[in-house]
Amino acid sequence: ENFADKVMAASGQGAVLLEVYFPTCSHCRAFEPTFNQVAAGLGPGSGVTVVRMDGFQNQIPKHFAPLFPIEGVPALFLVAGGKAQPFKGASREKEEVE
C-alpha cells in the first residue's frame, strides 16, 4: 500500500490518525508508548484507522505535502474526508492527544 491508499483513501471511509516519526528521534521514541496507548483505544468499530509512518523510509507525495505541514516530529494529523488537521497541542500527553 502507498500513502494515497493507506491514508487518503482510508480518510474517505472514516478518520485516520497519522503519526510521522523518525526512528532516531528521541522525542519520537519517548512519545511512542503514548501513541500506542491512544491507538489501542481506537480499536475496531472506532471508525479511526491508525497509521505510523517512518519519515526516513517514506515520504508524503508532493501533491499531498501542502495538506501535511510538518514542523517537527513526531507530527500528528487527523485526516478525514481527504483533509488533514495537524495536532496543535502544547504537549504530547495521552489525555491531550485523545
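Residues numbered from 1 in each chain as written. Predicted model: local features only at pLDDT ≥ 70, side-chain atom pairs only at ≥ 80, totals over all residues. Heavy atoms only, no water.

1. Topic: the nonpolar core
Phe3, Val7, Leu18, Phe68 and Val79 are the most contacted members of the largest nonpolar core, which has 16 residues in total. Looking at this core, the elements that each hand over two or more residues are helix H1 (3-11), strand E1 (15-21), strand E2 (48-54) and strand E3 (75-80). The next biggest cluster of nonpolar side chains, apart from the first, holds five residues, and it includes Leu17, Phe31, Phe35 and Val38. (Core = buried A, V, L, I, M, F, W, Y, C linked by side-chain atoms within 4.5 Å. Buried < 20%, exposed > 50% of the residue type's maximum accessible area, 1.4 Å probe, protein only. Helix = DSSP H or I, 4+ residues; strand = E, 2+ residues; numbered from the N terminus.)

2. Description of the sheet that holds E3
Strand order across the open sheet formed by four strands is E2-E1-E3-E4, with mixed pairing between neighbours. Edge positions in the open sheet fall to E2 and strand E4 (83-86), since each of these has one partner strand only. Averaged over all adjacent pairs, the angle separating strand axes in this sheet is 25 degrees, with direction ignored. One ladder, built from seven bridges, connects E1 with E2; its direction is parallel. Bridge assignment links Val20 to a residue of E2, and that residue is Met53. Lying over the sheet, H1 contacts E1, E2 and E3, oriented at roughly 145 degrees with respect to E1. Contacts between helix H2 (residues 26-41) and the sheet are confined to E1, E2 and E3, with E2 contributing the most and set at about 165 degrees to the helix. (Pairing = 2+ DSSP bridges. Axes fitted to C-alpha atoms, helices over the stretch in contact; angles between N-to-C directions. Contact = heavy atoms within 4.5 Å.)

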